[in-house]
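# Coordinate inspection notes
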Amino acid sequence: MIIVSSSEGFVPRAYVAHYRSSDPQRHRRELQRARSLLFVAATRARDSLTISWHGRPSPFLPDLP
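The following refers to the structure shown. Predicted model, so just to flag it, every value in this text is computed and none were measured. (Residues numbered from 1 in each chain as written. Predicted model: local features only at pLDDT ≥ 70, side-chain atom pairs only at ≥ 80, totals over all residues. Heavy atoms only, no water.)

Within the structure shown, the criterion is met by one aromatic pair. With centroids separated by 6.2 Å and ring planes inclined at 85 degrees, the aromatic side chains of Y15 and Y19 adopt a geometry described as edge-to-face. Y15 sits in the partly exposed class, given a relative accessible area of 41%. The class of Y19 is buried, set by a relative accessible area of 15%. (Phe/Tyr/Trp six-rings, centres within 6.5 Å; stacked < 30°, edge-to-face > 60°. Buried < 20%, exposed > 50% of the residue type's maximum accessible area, 1.4 Å probe, protein only.)

A word on the nonpolar core. Looking at soluble globular proteins, one finds that nonpolar side chains tend to be buried together. With six residues, the main nonpolar core is built from I3, V11, A34, L38, F60 and L61. Not counting residues within four places of it along the chain, the set of residues in contact with V11 comprises S5, S6, A34, L38, S58, P59 and F60. (Core = buried A, V, L, I, M, F, W, Y, C linked by side-chain atoms within 4.5 Å. Contact = heavy atoms within 4.5 Å.)

This part is about the pattern of salt bridges. This structure, assessed with the given rule, holds three salt bridges. A salt bridge links R56 to E8, with the shortest nitrogen-to-oxygen separation between them at 3.3 Å. A residue pair is termed long-range when its members are at least 10 positions apart, and R56 in the segment after β2 (50–51) and E8 in the loop between β1 (2–3) and α1 (19–22) qualify at 48 residues. The exposure class of R56 is exposed, given its relative accessible area of 58%. Look at E8 and you get partly exposed, because its relative accessible area is 42%. R33 is the partner of E30 in a salt bridge, and the nearest nitrogen-oxygen pair spans 3.9 Å. On the criterion of helical spacing, the pair formed by E30 and R33 is a turn pair, its members being three residues apart in helix α2 (residues 24–43). (Salt bridge = Lys/Arg side-chain N within 4 Å of Asp/Glu carboxyl O. Helix = DSSP H or I, 4+ residues; strand = E, 2+ residues; numbered from the N terminus.)

Structure below.
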């Protein structure tokens, strides 16, 4: 399984930040939705998983050494 473009601004989408002050409840829902989508995609990997990004990784990815 390969998950590409897991960069900050893509997962979650940059527009979600707009809701932080205007609609906090929607902001939480959108973050949970993006986090869940990434989780489900990653847990579907049977033999191996590769996650790629450019720039800064998604805040949902663990810190790497």
